[in-house]
Amino acid sequence: IYRIILIILSVIGNAGAIEVTENSFRMGFGMAFPQKDDTSIMTTQEGTLYLPIDLGRFRIEPTFSHKVTKEKFVSMNYSTVRETVLGSGLFLKNGYGETLIYYGLRAGIGKSSNLLNDSSQSITFQFWGPAFGGEHYFTHHFSLGGEAMFLYESGKHHHYWRSASFETEEMRIRIIFRFLL
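Residues numbered from 1 in each chain as written. Predicted model: local features only at pLDDT ≥ 70, side-chain atom pairs only at ≥ 80, totals over all residues. Heavy atoms only, no water.

**Q** Would you mind showing me how to read the overall build of the protein chain here?
**A** Scanning the protein chain for helices and strands turns up one helix and nine strands. Reading the secondary structure of the protein chain in the N-to-C direction produces α-β-β-β-β-β-β-β-β-β. Taken over 181 residues, the protein chain has a buried fraction of 30%. Contacts in the protein chain between residues far apart in sequence, at least 24 positions, make up 57% of those at least 6 positions apart. Working note: accessible area of the protein chain is about 11500 Å², and carbon and sulfur atoms make up 65% of it. (Helix = DSSP H or I, 4+ residues; strand = E, 2+ residues; numbered from the N terminus. Buried < 20%, exposed > 50% of the residue type's maximum accessible area, 1.4 Å probe, protein only. Contact = heavy atoms within 4.5 Å. Areas by Shrake-Rupley, 256 points an atom, 1.4 Å probe, with all protein chains shown as cover.)

**Q** What is the right way to look at the packing of aromatic side chains in this model?
**A** For any pair of aromatic rings, the description rests on two quantities: the centre-to-centre distance and the angle between the ring planes. Counted by the stated rule, this structure contains six aromatic pairs. Ring centres 6.2 Å apart and planes at 65° place the aromatic pair F29 and F177 in the edge-to-face group. One end of the pair, F29, is in strand β1 (residues 25–32); the other, F177, is in strand β9 (residues 162–180), and 148 residues separate them in sequence. For F29, a relative accessible area of 37% translates into the label partly exposed. Taking relative accessible area as the criterion, F177 reaches 22% and is therefore assigned partly exposed. A network of ring pairs unites the aromatic residues F29, F138, F142, F177 and F179 as a single cluster. Geometry around Y102 places R59 over its ring, the cationic atom sitting 5.6 Å from the centre. (Phe/Tyr/Trp six-rings, centres within 6.5 Å; stacked < 30°, edge-to-face > 60°. Lys NZ or Arg CZ within 6 Å of the ring centre and 35° of its normal.)

As structure tokens, then:
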């Protein structure tokens, strides 16, 4: 067993440096690991899909996420929230051996709908803000990394005939798996 672990660590350690050059082109896909809140009575199914496109020292990264949250209350009421978000990031990147550091902006639009028993309401929103992250390539194709974003969000809350505007700021941290060809 120790030999197998040493062989695996040797292969991972000798994965080779990731070159960030002006003429390199790579594309692939990635997934953000969902955050779980064990204290909540809600069940959430969420996934964020990343489509990184590396163009030399730049990365363009369209994203798509869809989330469904169902909550049942003691009074036999139920709530179902569906949220769909389309976004993109534009980053400058620097490579340091097998590690890549990137920084830039993320922006996007989204819609959320909430059905509480027979009552319906929706939210439309847009977000933008700075983001930075790093990833370590265990092989030439596979990386695991983290990203921090400070997002400004604004939108409208729609309920029957009423509409109200809102603005929020939020810090998000994600762990992201990426596979690039």
